[in-house]
Amino acid sequence: MKRRDFFISSAAALGAAACVPATLAIPRFQVPSRSQLWWQRAELGLFTHFGMNTFTDREWGDGHESPSQFNPTRFDARQWARAAKVGGFKYVILTAKHHDGFCLWPTKYTEHSVKNSPWRDGHGDVVREFVNAMRAEGLRPGLYLSPWDRHEHSYGDSPRYNQYYVAQLTELLTQYGPIVELFFDGANGEGPNGKKQVYDWPLIHRTVRKLQPDALMFSDAGPDIRWIGNERGIAGDPNWCTVNPALVPYAGFDAPQVGEWLQHGQADGTTWRPGEADVSIRPGWFHHEAENAKVRSVENLMELYFASVGRNANLLLNVPPTREGLFHEADAARLAEFGARVRDVFAVNHAARARVTRTNDGLELELRANASIGIAVLREQIERGQAVSRYRVEAFASGAWLPVSRGTTIGHKKIDRFSAVTSDRWRIVIEESVRRPELGEVGLY
Ligand code: FUL
């Protein structure tokens, strides 16, 4: 059901609250939680796929690998953290367990873990070193715990495996300090007994909420962050932070309209669930020697940045450590270049000291001097919800307002690129919104 009744016109929408006709019923709208707000403002997350596959040169292990194969001889999570920080990333998510079931921490619940590996004579704990290293660099750690487990015998025996999974989740949430995000992957294969595992998502969600109420849960069904619907790092346009959760009731749920829902969200959604766009810096998620020359170029990473962060989604860029336990020099160098490029592109904001006037349908900016502008960064104050559904950006040139870009949603951030125009007068015109918009700081570069 589309709730058209609360789509109000922009003119009324932009005035003070008192200008909204008293009879117009504006329903309760959605806003981010404190954790979601931090997360959306962070914009950039790094993903690190590391584990048994790193040593077997595979993407999906079958669970029959031996812990003796895991031995990262120069393991140094501080090197990952420094590279992430230089790249401008604010949080980092590690695969504590991938589909092969091998655990990077010495869990009590299986022998298939680092404790039976030669690494640090079985006394190592990748998760511990990871969280410590991230925090030491001011980054927030997150964890991926694959629900699909191709090693664990109880897998497919649903209640038993659910207990196993929740027990592992409990270890991770009680022994390693605050976890910013739990990444729940949707892959769900057959168990060794041929039975399909039915995950107890309500139990999983309750466990996380109880143990770490501020941790955000990611999956295609949220509940806090939604998958953007592809692994190419590209968000939809439009992209709403809100969805109607009933449409995708649990992770891995498949229906024809799911792709659209993930990509775009819903203007009239009843739950705040911003999108995260995951993608790898290389063809694979895990490190493979043969792909060392296939690390994405900085130009390509910038395109991904504009297609994700520039469309109101977070970018989760995967950088897989090598068998030595280090980011490969090519990846580390690329992260540094990417960070420098972003800082460079957004170094001088010509709107920073502009005189800003609220118009009845947007904002007008008078810059301190003429400037050649080719990028506009728009923001809504999402702590008050998301409202804009159509806008245009204009520059005053040769005696008239010239539209330079048009768009749909804005949300936390929308970045428009256009052929550079020189002007000292710029304006944002909100053509349509679903409720009263509150624009945030404008950037002109
Ligand atoms: C997928 C997994 O199957 C891949 O191995 C990877 O972890 C990716 C992020 O999610 O569904």
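Basis of the calculations
Residues numbered from 1 in each chain as written. Predicted model: local features only at pLDDT ≥ 70, side-chain atom pairs only at ≥ 80, totals over all residues. Heavy atoms only, no water. Core = buried A, V, L, I, M, F, W, Y, C linked by side-chain atoms within 4.5 Å. Buried < 20%, exposed > 50% of the residue type's maximum accessible area, 1.4 Å probe, protein only. Domains from an automatic or database assignment. Contact = heavy atoms within 4.5 Å. Buried area = accessible area lost by both parts, 1.4 Å probe. Salt bridge = Lys/Arg side-chain N within 4 Å of Asp/Glu carboxyl O. Polar contact = N/O pair within 3.5 Å; in protein donor to acceptor, adjacent residues only side chain to side chain. Helix = DSSP H or I, 4+ residues; strand = E, 2+ residues; numbered from the N terminus.

## Topic: the nonpolar core
Step number 1: In terms of nonpolar packing, the biggest core is built from 76 residues, with Phe 70 and Val 127 touching the most fellow members.
Step number 2: Split by domain, this core shows at least three residues from each of two domains, domain 1 (7-30 + 349-444) and domain 2 (34-345).
Step number 3: What Val 127 contacts, discounting residues up to four positions off in sequence, is Leu 94, Ala 96, Leu 104, Trp 105, Leu 143, Leu 172 and Tyr 176.
Step number 4: Counting 23 residues, the second-largest nonpolar core is a separate cluster that includes Leu 367, Ile 373, Ala 376 and Leu 378.

## Description of the domain arrangement of the protein
Step number 1: Taken domain by domain, the protein holds domain 1 (7-30 + 349-444) and domain 2 (34-345).
Step number 2: Between the C-alpha centres of domain 1 and domain 2 the distance comes to 35 Å.
Step number 3: If you look at the interface, domain 1 gives 21 residues, while domain 2 gives 23 residues.
Step number 4: Counting the surface lost from both domain 1 and domain 2, the interface buries some 1800 Å², and carbon and sulfur atoms represent 59% of this.
Step number 5: Linking domain 1 with domain 2 are three salt bridges, by the criterion used here.
Step number 6: The residue Glu 383 makes a salt bridge to Arg 41 at a minimum N-O spacing of 3.5 Å.
Step number 7: Summed over the shared surface of domain 1 and domain 2, the number is 12 residue pairs in polar contact (both at pLDDT 80 or more).
Step number 8: Contributions of two or more residues to the side of domain 1 that touches domain 2 are made by β13 (388-397) and β15 (414-433).
Step number 9: Residue contributions to the side of domain 1 that touches domain 2 peak at three residues, all from β15.

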